[in-house]
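Observations on the three-dimensional arrangement
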Amino acid sequence: MTAVSSRDDTLRRRAEAVLSRHTPTEVVRLPHARLQLFAKLESANVTGSAKDRSAIWILGDAVRTGAIRAGTTVVESSSGNFALSLATYCHELRLDFVPVIDPNINDMTERTLRRMCRRVEKVTERDPTGGFLLSRLARVGELVREIEDAYWTDQYSNPAGARGHYELTGTEIVAQLERIDYLFVGVGTGATINGLSRRVKEANPDVVVVAVDVAGSAIFGAEPHRRLIPGIGSSIRPPLVEDAVISEIVTVSELEEVAGCRRLVRDHGVYAGGSTGAVYSAIECYFEGFSGPPPVVAFLCMDRGDPYSMTVYDDAWVAANFAPSLVTTTGQW
Ligand SMILES: Cc1ncc(COP(=O)(O)O)c(C=O)c1O
């Protein structure tokens, strides 16, 4: 009994160390003719994405409450970034982590996970919505029953995931930007928009929070269909979206997501992942033809472009999946 307690104490100290070491990400101004445009570089988090915020808070919370103890195996369904965050922090906490992934995961992310985790579960069957989420969740359920002392972090409804964005991302951005008129946020599990919108609205109730979703996602009630780019969108409506303070919703197609990524590099030298391209596209579309004093518009750069080099940034992949007429060797489309 004593041995178990001291291992749990060590685990608690490690979890506290992870949080105390966590540092704010930078906000940069991007030149724009009609807007005061600011990007918060969440890609600068330790594992390269905003999902570190949720992972750190969820793990810390579960260790504090005793839901995770030394010897617990963490299990989660993720299309990539959250799995990378959990793999990294579980490694540091000396916990086993079993990610449940699907074929939409980027090659680079899958290779990293396979190096970091003893066991990786990859589902291959599409669920009735045409996506993989329900298949992944079903596999998580089996693993939780099969593995003794397993803990499912449940990023789709765990309030601690949103709390991480409230306490960390949100507190940072309200300190970094004196004023925000519009905040654009891509939505997947809803953890980011939940925490961020509540914190930013608390500081300034007039902020317009624009949720960005992708066509084929069921988050805001549309009929789900097959999607290829991981990050935003979901084949369910995640419970965390319910408590988010959302003023408006903009939906973009996956091709607009790709085009947004490429314009963001071309116009601002920001090499970002698919969801950030979707948000940039949404901002451009929302403010098309806008005149008047430039409003302050903020968004998050959720992850870097590197893991998408063989998909979003690959002309042949884009042409093969979206529009054959776009095949080009120049990247000028
Ligand atoms: C790159 C990227 N963008 C956006 C999101 C959506 O964030 P959230 O799940 O907090 O809604 C995710 C979630 O995994 C992501 O990985």
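Right above here is the structure, for reference.
Residues numbered from 1 in each chain as written. Predicted model: local features only at pLDDT ≥ 70, side-chain atom pairs only at ≥ 80, totals over all residues. Heavy atoms only, no water.

Some points on the pairing of strand β2 (residues 36-41)
Burial analysis of β2 places five of its six residues in the buried class, which makes it a mostly covered element. Where strand β1 (residues 27-30) and β2 come together, four bridges link them in antiparallel fashion. By the bridge assignment, Val27 is partnered in β2 with Lys40. Taken together, β1 and the strand that follows it, β2, pair antiparallel across an intervening segment of five residues. (Buried < 20%, exposed > 50% of the residue type's maximum accessible area, 1.4 Å probe, protein only. Helix = DSSP H or I, 4+ residues; strand = E, 2+ residues; numbered from the N terminus. Pairing = 2+ DSSP bridges.)

Quick notes on the pattern of salt bridges
The full count for this structure, using the stated rule, is 24 salt bridges. When the shortest N-O distance is used, the salt bridge between Asp9 and Arg12 registers 2.7 Å. You can see Asp9 and its partner Arg12 sitting in helix α1 (residues 2-21), three residues apart, about one turn around the helix. What makes Asp9 partly exposed here is its relative accessible area of 35%. Of the charged contacts, one joins Glu146 and Arg139 as a salt bridge, the two residues approaching to 4.0 Å between their closest N and O atoms. A residue is classified by how much of its surface remains accessible, and Glu146, at 46% relative accessible area, is partly exposed. In this structure, a network of salt bridges that share partners links the residues Arg119, Glu121, Arg139, Glu142 and Glu146. (Salt bridge = Lys/Arg side-chain N within 4 Å of Asp/Glu carboxyl O.)

Quick notes on unusual backbone geometry
Look at Arg94: it is not a glycine, yet its phi comes out positive at around 60°. For Arg94, the location among the structural elements is in the loop between α3 (81-92) and β4 (96-101). Phi angles above zero are rare outside glycine, and Asp154 is one such case at about 45°. Among the secondary structure elements, Asp154 is positioned in the loop between β6 (150-152) and α6 (159-176).

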